[in-house]
Amino acid sequence: MKKSLLAMESVTSENEKEKEKKKQIQEKETLVKLLRWHFDHPNFRDKQLDAIQAVLSGRDCFCLMPTGGGKSMCYQIPALAKPGIVLVVSPLIALMENQVMALKEKGIAAEFLSSTQTLQVKNKIHEDLDSGKPSLRLLYVTPELIATPGFMSKLKKIHSRGLLNLIAVDEAHCISSWGHDFRPSYRKLSSLRNCLPDVPIMALTATAAPKVQKDVIESLCLQKPLVLKSSFNRPNIYYEVRYKDLLDDAYTDLSNVLKSFGDICAIVYCLERTLCDELSAHLSKNGILCAAYHAGLNNKLRSAVLDNWISSKIQVVVATGIDRKDVRMVCHFNIPKSMEAFYQESGRAGRDQMLCKSLLYYGMDDRKRMEFILSKAENKKSESSSSQEALSKKSISDFKLMVEYCEDSGCRRKKILESFGEQVPPSLCKKSCDACKHPNLVAKNLEELTTTCAIRQKNSFSRIFISSQDMNDDRKTSEFWNREDEASGSEEDISDSDDGIEFVKSLSKSKLSTKAGLNAKIDFLQRAEESYYQTKDKQVNKLNKNAISESLREASKQRLSNALKQALQRLGDLSIEIETSASFLEKECHEKYGKSGKSFYYSQVASTVRWLSITDSTQLTNRLGTTSSSFHSATNSCREEPPAEPSLSPLLDQQPTDITDEQLHGSTSTASETYKSASLKESLLVIPSFSEFVNCRKTKNQLNSSQKQSPMKNPEKKMRLQ
Ligand SMILES: Nc1ncnc2c1ncn2[C@@H]1O[C@H](COP(=O)(O)OP(=O)(O)OP(=O)(O)O)[C@@H](O)[C@H]1O
Ligand SMILES: [Mg+2]
């Protein structure tokens, strides 16, 4: 009896299992059909289906996938699988706009609510939500909106009608103060579970730090969530670092890189809005279709830039946060503050899985500036609480990892993945970073960087970097004015700014009104700069620090002499007297930049060293022979021509394949640029000081406005006016 009962039970459970299995297969088929029908993708990617099935069954889910891994699909498909609404919380208005636009193009009813919309549009969305049968499937909102009592009661009403299927918290790492992108407003999302207890929550992020993961799960009160993790490797991204201190001009270098890629779509990240604007202006001047995009622009202009970029009318955006799937290159013009931030931003490239490139411009001044900002934050936080102090210590150690990424000669990919705790087999990179592809060149650049910095540290102060001492003076903190603007945005507006900028705000005690116009700001900056240099110059005169000392000149001569020796080894014996030639070259540098200060002088020496490492015998003898007696005998006139411009595999790597690393001594420029620069220019462009730059801009502005004012200068306008 007992036996047969057991047998009966087992038959029943077998049947149930079968039924369950069948149901699952059917459900999977339905979901795949939805994916194919709406998105044209043949199949789900790794872990997507598990995530979708979990939330459809009412379970919470924590979804950790790399950038571009397809996280959005994990909440977009559930929105289509049953009637009702999926609420998506997103930190960036640009991301919301972008996704909503893409969904609408596919005929999917999606909207977003933010302060950027007109009242009319907002009212229409609210009407739909209040109706018995809303047509909306996906509603994107900012975390600030969730926190408003009015909106929360609306959500409760929708839920009471059984229409709220899922809450997806995108970029969920923003909730954690341990993350790279902490947004206090995200903290308010913890009320979601209390107010809407039985609505499944899905947290999505590409941030891998275990502490952040734990924090996200706890803060959102996820209950027994299905935790899904994928590898963070982005095999389609080629990683490269260029060293600003070894380049003649990073602006021009970037401009050349972008031009050499043709009409690709790119994002350039900058630390500050002013730099965004300046860089964008520089690139535009060089014929690159480009625009600045940041929270400082008015809504209309931001939308216009976004539209133009998405519709390919512009090629490059110089941005603080923006998205498109066919981005072929992401450039960081300043070092990011952490590996997480870098991974997230560089990951905006190649979301279509095609080859793409991450290019980081690393500069010592940028590094020092970031270190200063972080240490200032640490000082401030250590005065408040111990948890805050721990946090800022973490920021500093996070930044160290980023510096290692730039200053270490090892595989860049390995560095990224290991910083997220992933085990990396040596075969993983497959030469898809500059350190693996050109180890000798990278090592050489790093060596030169070390020398450059050592000498600079010893002998000069930079005219660009404002040292920590100087930062205590109000007049000298002016370069952070743009951050103050950023913080002045309305709460709901943010979504493109960084909540974690308070420490910078506190630095920026400038007396300048945040509402001041551009010209007022330029005037202010100019006065600040003048006073800065007046004070500095007084100090310098007193201590005679700015003079290019004999010992610095001697060190430069030595450097040039070493570079010359290497050049002669490479080119064969040209019977050049090394010491005399080195003196001649040093004198040239001194004559050109001796009066402009050490940085300029030193940069000219560095440039000459680089030139020596790639020049050919004809160019060398011409430069030395015509003006110096150092060239003693006829040169080997049958020397080979410099190599023809190599054919570039533009996205993966710009180094020529037929030239060894050893031949490319010391240059981070592309081979083509290097050869061009060797043959075309023997002298550096004169770099204007900030004042010169501002004056030139002012004159231009005045000219423009006087042209505008004078009808005679614009006959077309005059005719129209008449
Ligand atoms: N199953 C799939 N098959 C093919 N392509 C897919 C699939 N799922 C998503 N994609 C595509 O992958 C790209 C990246 O997707 P998505 O924007 O969702 O990534 P993400 O993980 O949210 O990245 P990020 O962290 O940068 O926000 C999109 O172009 C999307 O259409
Ligand atoms: Mg995403």
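The coordinates are above.
Residues numbered from 1 in each chain as written. Chains lettered and ligands numbered in written order. Predicted model: local features only at pLDDT ≥ 70, side-chain atom pairs only at ≥ 80, totals over all residues. Heavy atoms only, no water.

**Here's the deal with the overall build of the protein**
Logical step 1: Scanning the protein for helices and strands turns up 29 helices and 13 strands.
Logical step 2: Contacts spanning at least 24 positions in sequence make up 77% of the contacts within the protein whose residues lie at least 6 apart. (Helix = DSSP H or I, 4+ residues; strand = E, 2+ residues; numbered from the N terminus. Contact = heavy atoms within 4.5 Å.)

**Overview of the environment of Ser176**
Logical step 1: With respect to the element layout, Ser176 can be found in the loop between strand 5 (164-169) and helix 8 (184-187).
Logical step 2: The class of Ser176 is buried, set by a relative accessible area of 0%.
Logical step 3: C-alpha separation for the pair Ser176 and Ile217, spaced 41 residues apart in sequence, amounts to 9.8 Å.
Logical step 4: Side chain to side chain, Ser176 and Asp215 meet in a polar contact 2.8 Å long. (Buried < 20%, exposed > 50% of the residue type's maximum accessible area, 1.4 Å probe, protein only. Polar contact = N/O pair within 3.5 Å; in protein donor to acceptor, adjacent residues only side chain to side chain.)

**So, the packing of aromatic side chains**
Logical step 1: Considering all chains together, one arrives at nine aromatic pairs under this definition.
Logical step 2: Relative to Phe333, the ring of Tyr251 has its centre 5.5 Å away and its plane inclined at 75 degrees; by these criteria the two rings are edge-to-face. Taken as a pair, Tyr251 in helix 11 (residues 250-260) and Phe333 in the loop between strand 12 (329-332) and helix 14 (339-346) lie far apart in primary sequence, 82 residues in all.
Logical step 3: Ring plane angle 80 degrees and centroid distance 5.1 Å describe the contact between Tyr343 and Phe420, whose orientation is recorded as edge-to-face. Of this pair, Tyr343 sits in helix 14 while Phe420 sits in the loop between helix 17 (412-419) and helix 18 (434-437), and the two are 77 residues apart along the sequence. (Phe/Tyr/Trp six-rings, centres within 6.5 Å; stacked < 30°, edge-to-face > 60°.)

**A word on the packing of helix 11 against helix 12 (residues 273-285)**
Logical step 1: For the pair helix 11 and helix 12, the least separation of the axes is 10 Å and the interaxial angle reads 55 degrees. It follows from the interaxial angle that helix 11 and helix 12 lie oblique. Here helix 11 and helix 12 pass one another in a crossing that is right-handed. Contact with helix 11, carried on its side by Tyr251, Thr252, Leu254, Ser255 and Leu258, involves Leu275, Glu278, Leu279, His282 and Leu283 of helix 12 and no other residues of that element.
Logical step 2: Its residues assigned to classes, the contact of helix 11 with helix 12 shows six nonpolar, three polar and one charged. (Axes fitted to C-alpha atoms, helices over the stretch in contact; angles between N-to-C directions. Parallel < 35°, antiparallel > 145°, perpendicular 65-115°, else oblique. Left-handed = near helix turned anticlockwise from the far one by under 90°. Nonpolar A, V, L, I, M, F, W, Y, C, P; charged D, E, K, R; others polar.)

**Some points on the side chain of Gln619**
Logical step 1: Looking at the secondary structure, you find Gln619 in helix 26 (residues 617-625).
Logical step 2: According to the relative accessible area criterion, Gln619 is buried, its value standing at 14%.
Logical step 3: There is a polar contact of 2.9 Å between the side chain of Gln619 and the side chain of Thr615.

**Things to note about the environment of Glu111**
Logical step 1: Structurally, Glu111 can be placed in strand 3 (residues 110-113).
Logical step 2: When the C-alpha positions of Glu111 and Gln99 are compared, they lie 9.2 Å apart, and in sequence the two are twelve residues distant.
Logical step 3: Leaving out residues up to four positions away in the same chain, Glu111 has contacts with Val100, Lys104, Gln117, Ile125, Leu136, Leu138, Leu139 and Tyr140.
Logical step 4: Engagement of the side chain of Glu111 in a polar contact is seen with the side chain of Lys104, the distance being 3.2 Å.

**Quick word on the site of ligand 1**
Logical step 1: Around ligand 1, a shell composed of 17 residues is seen, among which Asn43, Gly68, Lys71, Ser72 and Arg351 lie nearest.
Logical step 2: At a separation of 3.1 Å, a nitrogen atom of ligand 1 approaches a polar side-chain atom of Arg45.
Logical step 3: Note that an oxygen atom of ligand 1 is positioned 3.2 Å from one of the backbone N or O atoms of Gly69.
Logical step 4: The fraction of the free accessible surface of ligand 1 (650 Å²) that becomes covered by protein chains is 87%.
Logical step 5: Top contributing element to the shell around ligand 1 by residue count: helix 3 (residues 71-81), with three residues.
Logical step 6: The class makeup of the residues in the shell around ligand 1 is three nonpolar, eight polar and six charged.
Logical step 7: In terms of domain composition, the shell around ligand 1 takes at least three residues from each of domain 1 (20-229) and domain 2 (237-408). (Near = heavy atom within 4 Å. Areas by Shrake-Rupley, 256 points an atom, 1.4 Å probe, with all protein chains shown as cover. Domains from an automatic or database assignment.)

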